[in-house]
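# Breakdown of the fold
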Amino acid sequence: MIAVRSARWPGDLAAVAAMDRSFVTDRRYCVVRGDLSFHLALETVDPPLHKRYDLDLSERQSWDCALVAEQGGGPIGFAAARYAEWNRRVIIDHLYVAPYARGAGVGRVLLSALDSFAHSRGARCLWLETQNVNYPAIQFYRRAGFTLCGFDDSLYDPPLLGPEETALFFSRAVPWRGDE
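Residues numbered from 1 in each chain as written. Predicted model: local features only at pLDDT ≥ 70, side-chain atom pairs only at ≥ 80, totals over all residues. Heavy atoms only, no water.

Glycine aside, the phi torsion of most residues is negative, and most peptide linkages are trans. A cis amide bond, omega 5°, links W9 with the succeeding residue P10. The residue P10 is located in the loop between strand 1 (3-6) and helix 1 (13-18) in this model. A cis amide bond links D46 to the next residue, P47, at an omega of 5°. As for its position among the elements, P47 is in strand 3 (residues 38-52). For R88, which is not glycine, the phi dihedral falls at a positive 55°. Assignment of secondary structure puts R88 in the loop between strand 5 (74-84) and strand 6 (89-97). Given the relative accessible area of 39%, R88 is considered partly exposed. (Helix = DSSP H or I, 4+ residues; strand = E, 2+ residues; numbered from the N terminus. Buried < 20%, exposed > 50% of the residue type's maximum accessible area, 1.4 Å probe, protein only.)

Structure, rendered in structure tokens:
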């Protein structure tokens, strides 16, 4: 059974910081630009790409919602988001599932909890940024109903991430709840 609860700081700091936030993929999307358009072309990566995401927990004061997914008493997932009132969207800053727990519904449970948070704020959509090299996350977000809504090929500093990494933006409408 997967349980999702609000993060409890400082008690959850060590466990959330220790979560494995890595992925391995043998595919990535290459951004192909047109004059006033772009599309994503799938490419094979050989050798496979291994990447680990940093998590700066000092930014937790900026999050309006921080969630921990647990199973068997330990954390197996984490999500953090903030509400942007000016455009009524919830920005997902972080969403991680431990590698051994992927494919078991943990990400969907976290997204459902983020939907509840978004609904409570009157948000119209969930919005996130990921990289073109994070093929597993892109596939997860697409299966979860997110659609590609943009890219930024100048967001990342190339010495930090490499010139092949491009920011991709996805959004999904917050489900209407007719029970209210």
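Spatially, 1-4-5-6-7-9-8 is the arrangement adopted by the seven strands of the open sheet, whose pairing is mixed. Each of the sheet's edge strands pairs with one partner strand only, and the pair in question is strand 1 and strand 8 (147-152). With direction set aside, neighbouring strand axes in the sheet form an average angle of 30°. Each of strand 1, strand 4 (65-71), strand 5, strand 6, strand 7 (125-131) and strand 9 (167-173) touches helix 2 (residues 106-121); the most contacted strand, strand 6, lies at about 160° to it. Against the sheet, helix 3 (residues 135-143) contacts strand 6, strand 7 and strand 9, and its axis sits at roughly 160° relative to strand 7. (Pairing = 2+ DSSP bridges. Axes fitted to C-alpha atoms, helices over the stretch in contact; angles between N-to-C directions. Contact = heavy atoms within 4.5 Å.)

Where two cysteines share a covalent bond between their sulfur atoms, that bond is called a disulfide. Taken as a whole, this structure holds zero disulfides when the rule is applied. Among the cysteines around C30, which has no disulfide bond, C149 carries the closest sulfur, lying 19 Å off. Using a relative accessible area of 27% as the deciding quantity, one classes C30 as partly exposed. Lacking any disulfide linkage, C65 is separated from the closest cysteine sulfur, that of C125, by 15 Å. (Disulfide = S-S within 2.5 Å.)

L95, L111, L114 and F146 are the most contacted members of the largest nonpolar core, which has 35 residues in total. Contributions of two or more residues to this core are made by strand 2 (22-33), strand 4, strand 5, strand 6, helix 2, strand 7, helix 3 and strand 9. Residues contacting L111, with those up to four places away along its chain left out, are I92, L95, L126, F140, A144, F146 and R172. Among the nonpolar cores identified, the runner-up in size contains 14 residues, and Y53, A66, V68 and Y96 belong to it. (Core = buried A, V, L, I, M, F, W, Y, C linked by side-chain atoms within 4.5 Å.)

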